Structures are given as C-alpha cells and as structure tokens.
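Spelled out from the first residue to the last, the chains are:
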Amino acid sequence: TVTLQDYTVRALSLPAKFGTIAKVFVTQDELTSTKSVTDSIVDSNPLALSLYVLSYDIDGNLQSAPQSLKTNLKNYLSQYMMITDALDIKDAFIVNIEVKYEVLTLPNYATREVLTRCTEALKEYFKTAKRNINQPINLSEVSTLLDKVKGVQTVKKITVANKAGGNYSGYAYDTEGATKDGVVYPSYDPCIFEIKYPDLDIKGRVTAI
C-alpha cells in the first residue's frame, strides 16, 4: 500500500472471516503532527494516516465498527504497509437525515402514484451502499432526479434535516448551516449521511402552482 486509495481498496478487501468493513475513508489528518499537543489521538509519527471506518449492523444500518473488527483490520493491513507508515483506525460519525420534497404534477397524473415513484427514486439514490464517508449531498442533483420521474412537472422544494437521538445516531448536525449553494456539506470530522429508515424519513407532497 502506497497511496490513500491503496489503503481504501485493501481495507475493503478484508477477508470475510475477519469481519466486514462497510465504509472506509483514509486521510492524513492535519492534527497528525509531532508539533501538536492539543489532541490525545495524535500519533507521534508525522507520516501516520487516519483510517476512518464503519460497519453494518444486522439490519444493514451503519454502526461504529466493533473493536475486534478494528484489531483484525489493523493486523491485516500491517502485512501491506510500508515500514515508515503508521495507521490510526478511528470511527467515522454517522449523521442520520430525513429528506422532504414538494413537487407539482402534470395534469391527468394520479398524485399518489407520482409520489410513490418519486419516493422510490430517492430511496435508490440515497441507498447506504451507494454513499461514502465525506460525500456531500447535491440538492441540484436530487432535483434533477425528481424532475425525470414520470408525472412530475416541477420540483418545488427539497430539504434535508438531521434526525438524532432515540433510534437514530446520537450525533446532531446542523444540515441547514452546512448547506451552501445547493450542497449539503459533511463536517470537518469525517462523517456519512444516512437515511436510516427510508420508509419513514423520505416524505413527499404535491403542491399547487
């Protein structure tokens, strides 16, 4: 392993008998420096990499990787690392979200059928398997997707909001404050956006002109 991409590919190739890594994000954190004394997680090796990981629970939702899985991963990767490299395996943050949309339908189309098609399109788009750690949400892209749904005349509004606490991740995130020029950006600390309950947290309605 030489590049960050090498580490990503190798981590995702962990043999199943050692566990399964769902998501990987590799970076050289700015905090990883011999000059930093502000964070206890800082590795003393200036060449150290931070490898952020997540795994799946039994329901296919994201969760922090168990310590045993992290240990197996570190032992596995040690076989492929350069002798000067050091690796710090950490948990990425999970930000659960809900998506609400409003559309205007074309004449002679059943409202319920159009909404069902829109919601199914969004479920496919936001599938956890298709999303990566630190991947932003491009609302223009989402709008274009809905525009192409049969029966949709105009997409009026799309909003993304955080769902935290209870059965959701405990991490709260200001999605409105993180939205700029139609893009919802992830936090500085590596995180992933997840719609944990698509049947509940994708909500659509038809509006009038």
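One can find the structure itself at the top, above this paragraph.
Just so we're clear, the structure is a prediction, and the values are computed from it rather than from any experiment.

Draft legend 1. The arrangement of the packing of helix α3 (residues 111-125) against helix α4 (residues 139-147) in detail. It is the contact of α3 with α4, at a shortest axis distance of 10 Å, that shows an interaxial angle of 140°. As summarised for this structure, α3 and α4 are arranged oblique, according to the angle between their axes. Relative to α4, α3 is oriented so that their crossing is right-handed. From α3, Cys118, Ala121, Leu122 and Tyr125 reach across to α4, where they touch Glu141, Val142, Leu145 and Leu146. Of the residues that constitute the contact of α3 with α4, the class distribution is 7 nonpolar, no polar and 1 charged.

Draft legend 2. Geometry of the side chain of Thr207. Note on placement: Thr207 falls in the segment after β11 (202-206). Accessibility expressed as a relative area gives 13% for Thr207, which makes it buried. Aside from chain neighbours lying at most four places away, what touches Thr207 is Glu102, Val103, Leu104 and Lys156.

Draft legend 3. A look at the nonpolar core. Within the largest apolar cluster, 28 residues are counted, with the highest numbers of intra-cluster contacts made by Ile97, Val99, Tyr101, Leu122, Phe126, Ile137 and Ile158. The element that contributes the greatest number of residues to this core is α3, accounting for 6 residues. Discounting chain neighbours no more than four positions away, the residues touching Ile97 are Phe126, Ile137, Val160, Ala161, Asn162, Lys163, Thr175, Phe193, Glu194, Ile195 and Asp201. Counting residues in hydrophobic clusters, the runner-up holds 16 residues, among them Ile21, Val24, Val53 and Leu73.

Draft legend 4. Local environment of the side chain of Ser169. In this structure, Ser169 sits in the loop between β7 (152-162) and β8 (179-180). There is a polar contact of 2.6 Å between the side chain of Ser169 and the backbone oxygen of Ile94. Ser169 has contacts with Ile94, Asn96, Lys163 and Ala164, leaving out every residue within four places of it along the chain.

Draft legend 5. The arrangement of the packing of aromatic side chains in detail. With the rule as written, the count across this model stands at 5 aromatic pairs. Their ring planes at 80° and their centres at 5.0 Å tell us that Tyr125 and Phe126 sit as a pair that is edge-to-face. With respect to burial, Tyr125 and Phe126 carry one shared label: buried. Here Arg10 stacks its cationic end above the ring of Tyr80, 3.8 Å away from the centre of that ring.

Draft legend 6. Quick look at unusual backbone geometry. Positive phi outside glycine occurs at Asn108, with the angle close to 70°. Within the secondary structure, Asn108 is located in the loop between β5 (93-105) and α3. Exposure remark for Asn108: the relative accessible area of 84% places this residue in the exposed category. Positive phi, normally seen in glycine, also occurs at Asp181, with a value near 50°. Its location among the elements puts Asp181 in the loop between β8 and β9 (183-184). For Asp181, a relative accessible area of 71% corresponds to the exposed category.

Draft legend 7. The arrangement of the sheet that holds β9 in detail. As summarised here, the arrangement of the 3 strands in space is β6-β9-β8, forming an open sheet in which the pairing is antiparallel. Whereas interior strands pair on both sides, the edge strands pair on one side only; in this sheet they are β6 (137-138) and β8. Note: β6 against β9, 2 bridges, orientation antiparallel. Looking at β9, one finds that Ile137 is bridged to Val184.

Draft legend 8. Representation of α4. Listed as buried for α4 are Leu139, Val142, Ser143 and Leu146. One side of α4 carries all its buried residues, which in axial view fall inside an arc of 100°. Contacts from the buried residues of α4 go to β5, α3, β6, β7, β8 and β9. Backbone nitrogen of Ser140 and a side-chain oxygen of the N-cap are separated by 3.0 Å at the start of α4; the cap is Asn138.

Each value, and the rule that gives it
- Residues numbered from 1 in each chain as written.
- Predicted model: local features only at pLDDT ≥ 70, side-chain atom pairs only at ≥ 80, totals over all residues.
- Heavy atoms only, no water.
- Axes fitted to C-alpha atoms, helices over the stretch in contact; angles between N-to-C directions.
- Helix = DSSP H or I, 4+ residues; strand = E, 2+ residues; numbered from the N terminus.
- Parallel < 35°, antiparallel > 145°, perpendicular 65-115°, else oblique.
- Left-handed = near helix turned anticlockwise from the far one by under 90°.
- Contact = heavy atoms within 4.5 Å.
- Nonpolar A, V, L, I, M, F, W, Y, C, P; charged D, E, K, R; others polar.
- Buried < 20%, exposed > 50% of the residue type's maximum accessible area, 1.4 Å probe, protein only.
- Core = buried A, V, L, I, M, F, W, Y, C linked by side-chain atoms within 4.5 Å.
- Polar contact = N/O pair within 3.5 Å; in protein donor to acceptor, adjacent residues only side chain to side chain.
- Phe/Tyr/Trp six-rings, centres within 6.5 Å; stacked < 30°, edge-to-face > 60°.
- Lys NZ or Arg CZ within 6 Å of the ring centre and 35° of its normal.
- Pairing = 2+ DSSP bridges.
- Arc of directions from axis to C-beta.

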